[in-house]
Amino acid sequence: MAERSSFVVVANRLPVDEVTTPDGERQWRTSPGGLVTALHPVLTEHGGTWIGWAGGTGEAPEPFDLEGIHIHPVPLSADELERYYEGQSNATIWPLYHDAVETPVYKRRWREAYRSVNQRFAQAAAEVAADGATVWVQDYQLQLVPAMLRELRPDLKIGFFLHIPFPPIELFMQMPFRAEVLRGLLGADLVGFQQRLAAQNFVRLARHLLGLRYEGQSIQVDGRKVKAGAFPISIDTREMERLAADPKVQARAKEIRAELGDPKTIILGVDRLDYTKGIELRLKAFRELLADGKLKVGDAVMVQVATPSRERVEHYQSLRVKVEREVGRINGEFGRVGVPAVHYLHQSYSKQELAALYVAADVMMVTPLRDGMNLVAKEYVACRADTGGALVLSEFAGAATEMRQSFLCNPHDPDGVKDALMRAVAAEPAELKRRMRVMQRHLRTHDVAQWAQTFLEALEVAAEGRAPESAEAQST
Ligand code: ADQ
């Protein structure tokens, strides 16, 4: 049996991509991402293992080592991909946890697949974790894993982090297997959220649904204590700053401005094509400002990058149609030959190209109806070492708690969005500079490495205090 790890990450996806080299060989490469960057030092120091799905269906590749990380693939069949991932994760839980901005779909066979896939991940973690190891489970696809894993391996320190919002009680109560999900999460020693409000929703739900007692953010379950807390995730700030300062990126940013016809104002949106991101309402605000004559085509141009996402899920197919229709409408009504009002790019980009877009943009619009954090907002701020640029940010993004110097808006209020955008367009450079500086200072001390370290330290403390409670402290 392979050597067991004292640190294990369990996430739906492995941080690797399979690529073809120039001589036609298939090879694994770590995929760039904040989570893997942040956890890389911890993983290599402890001979850590990352458990997750490698993409593709059918048999999983054999475990292998890559850049100091043990990679442990978990298989998914085509049927499971449809039911556990596209169904239960992305058509039930995702919309429900985002304020039900799209109607969640509930299906028994999706739930069953979610349960059996979660069991497979828990089993894999139980096999690779060394005695007393730390296991960190990630996100909404794997909410049953903490309890399943505790059942198999009560010696482990188990942490869970939810990257998306945790809904208020009234919404959570819609879910048919709600108690099972809650008990799943309560298998952890520490349950981390992006926001304090989410952690509060969680502890209140534990009392409401299971009648558990809590004190502050500590819930008593079966004689154990489960801690809940807020750990707002962040970006690799220094890496983003370095990227934006790269002369090639700077040159590309100038080129982008020129290609767009050197307009006065470039308004940028960068999102996964997801209905939570508020892409449509942003386009509508732009259309109305053009119609009102407050913005003029040629002076102002909008660039909307919408990364293809979850394309087999129905909600996403209809969103794509709506967004593309709106882009067509705006360009049809306001564009001129060779001068479109909106540039719409349904593509993935390299980090370099994204950084160049951030550097080129005068106004960044991040207007989700609900978002756990939103890293795009933080990436934009980190890229603006020139302290130019303005961030228009939805109050419903987790990032709004920290990025207080942005131009905040309520995405449900079209006039409010238009007003924030116009204030950002008209702001004096000195004001923009002042706002950017404060946000940049915050990001330098609150980066993704600090996030991971804070969570893991809190997990140590939470797991230490796990000793059985006295009889009277049992749940009521
Ligand atoms: P997401 O919903 O995916 O993440 P976000 O936080 O904005 O949203 O992260 C998107 C990432 O993808 C960013 O790093 C961005 O640079 C990148 N990206 C976007 N468009 C791209 C493109 N066209 N090409 C290449 N890269 C692109 C979920 C939650 C968020 C939470 C994160 C992290 O929904 O609320 O912030 O997890 O916890």
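Structure shown above.
So, a few notes on the structure that sits alongside this text. Given the structure is predicted, the values throughout are model-derived calculations rather than measurements. The numbers attached to residues start from 1 for each chain and follow its sequence in the written order. Selection of residues for local features in this predicted model requires a pLDDT of at least 70, selection of side-chain atom pairs for listing and counting requires 80 or more, and totals for whole chains, interfaces and linings are taken over all residues. Based on all heavy atoms of the structure, the side-chain values leave hydrogens and waters out of the count.

## As for the overall build of the chain
Thinking step 1. Along the backbone of the chain there are 16 helices and 18 strands.
Thinking step 2. Taken over C-alpha atoms, the radius of gyration comes to 23 Å for the chain, in line with the 23 Å a tight globule of 476 residues would show.
Thinking step 3. When its C-alpha atoms are laid out on the principal axes, the chain stretches across 70 × 55 × 45 Å.
Thinking step 4. The rule is simple: take the accessible area with a 1.4 Å probe, protein chains only, and divide by the maximum for that residue type; under 20% is buried, over 50% is exposed, in between is partly exposed. Expressed as a percentage of the 476 residues in the chain, the buried residues total 55%.
Thinking step 5. In the chain, of all internal contacts separated by at least 6 residues, the share reaching a separation of at least 24 is 73%.
Thinking step 6. Surface exposure of the chain reaches about 20100 Å², of which carbon and sulfur atoms provide 50%.
Thinking step 7. Neither His nor the chain termini are counted; the positive set is Lys and Arg, and the negative set is Asp and Glu. In plain terms, the charge of a residue is placed at NZ if it is Lys, CZ if Arg, CG if Asp and CD if Glu. In the chain, the 58 positive side-chain charges and the 63 negative ones have mean positions that sit 5 Å from each other. Runs of E in the DSSP output that reach at least two residues are strands. Runs of H or I that reach at least four are helices, and both are numbered from the N terminus. All radius of gyration figures rest on C-alpha atoms, and the globule criterion is 2.2 Å times the number of residues raised to 0.38. Contacts are residue-level and defined by heavy atoms, with any inter-residue pair within 4.5 Å sufficient. Every accessible area reported is derived by Shrake-Rupley at a probe size of 1.4 Å, with residue values counting cover from the shown protein chains alone.

## Here's the deal with the packing of helix H8 (residues 237-245) against helix H12 (residues 351-360)
Any two packed helices are characterised by the angle at which their axes cross and by the distance between the axes.
Thinking step 1. An axis is simply a line fitted to the C-alpha atoms; with a helix, the fit covers only the stretch in contact. Between two such axes, the angle follows the N-to-C directions and lies from 0 to 180 degrees. At a minimum axis separation of 9 Å, H8 and H12 run at an interaxial angle of 75°. If you check the angle between H8 and H12, you find them roughly perpendicular. Here H8 contributes Met240, Leu243 and Ala244 to the contact with H12, which in turn contributes Lys351, Gln352, Ala355, Tyr358 and Val359.
Thinking step 2. A class-by-class count of the residues in the contact of H8 with H12 yields six nonpolar, one polar and one charged. When an angle is under 35 degrees it counts as roughly parallel; over 145 it counts as roughly antiparallel; between 65 and 115 it counts as roughly perpendicular; any other value is oblique. Polar here means any residue other than Ala, Val, Leu, Ile, Met, Phe, Trp, Tyr, Cys and Pro, which are nonpolar, and Asp, Glu, Lys and Arg, which are charged; Gly is therefore polar.

## Re the nonpolar core
Thinking step 1. Buried residues of nine kinds, namely Ala, Val, Leu, Ile, Met, Phe, Trp, Tyr and Cys, make up a nonpolar core once their side-chain atoms join them within 4.5 Å. Ranked by size, the top nonpolar core spans 101 residues in total, and within it Tyr97, Phe166 and Phe202 carry the most contacts.
Thinking step 2. Among the nonpolar cores identified, the runner-up in size contains 69 residues, and Val42, Phe64, Ile235 and Ala355 belong to it.

## Some remarks on the environment of Leu205
Thinking step 1. Within the element layout of this structure, Leu205 appears in helix H7 (residues 196-210).
Thinking step 2. For Leu205, a relative accessible area of 0% corresponds to the buried category.
Thinking step 3. Sequence separation between Leu205 and Leu182 is 23 residues, and the spatial gap between their C-alpha atoms is 8.3 Å.

## Some remarks on the packing of helix H9 (residues 247-259) against H12
Thinking step 1. At a minimum axis distance of 8 Å, the contact between H9 and H12 shows a crossing angle of 60°. Between H9 and H12, the crossing angle belongs to the class labelled oblique. Remark: the crossing between H9 and H12 carries right-handed chirality. Seen from H9, the contacting residues are Val249, Gln250, Arg252, Ala253, Ile256 and Arg257; seen from H12, they are Gln352, Glu353, Ala355, Ala356, Leu357, Val359 and Ala360. Note on convention: near helix rotated counterclockwise from far helix by under a right angle means a left-handed crossing. Clockwise means right-handed.

## Some points on the pattern of salt bridges
Thinking step 1. The rule for a salt bridge is simple: a side-chain nitrogen of Lys or Arg has to be within 4 Å of a carboxyl oxygen of Asp or Glu. The tally for this structure, following the rule as stated, stands at 33 salt bridges.
Thinking step 2. A salt bridge links Arg120 to Glu80; the nearest nitrogen and oxygen atoms lie 2.6 Å apart. Of this pair, Arg120 sits in helix H3 (residues 108-128) while Glu80 is found in helix H2 (residues 78-97), placing the two residues 40 residues apart along the sequence.
Thinking step 3. Residue classification places Arg120 among the partly exposed positions, given a relative accessible area of 28%.
Thinking step 4. Here Asp99 makes a salt bridge to Arg370, at a shortest N to O gap of 3.1 Å. Linking Asp99 in the loop between H2 and H3 with Arg370 in the loop between strand S16 (363-366) and helix H13 (375-383), this pair joins segments that are 271 residues apart in sequence.
Thinking step 5. We classify Asp99 as partly exposed; its relative accessible area is 29%.
Thinking step 6. For Arg370, a relative accessible area of 24% translates into the label partly exposed.

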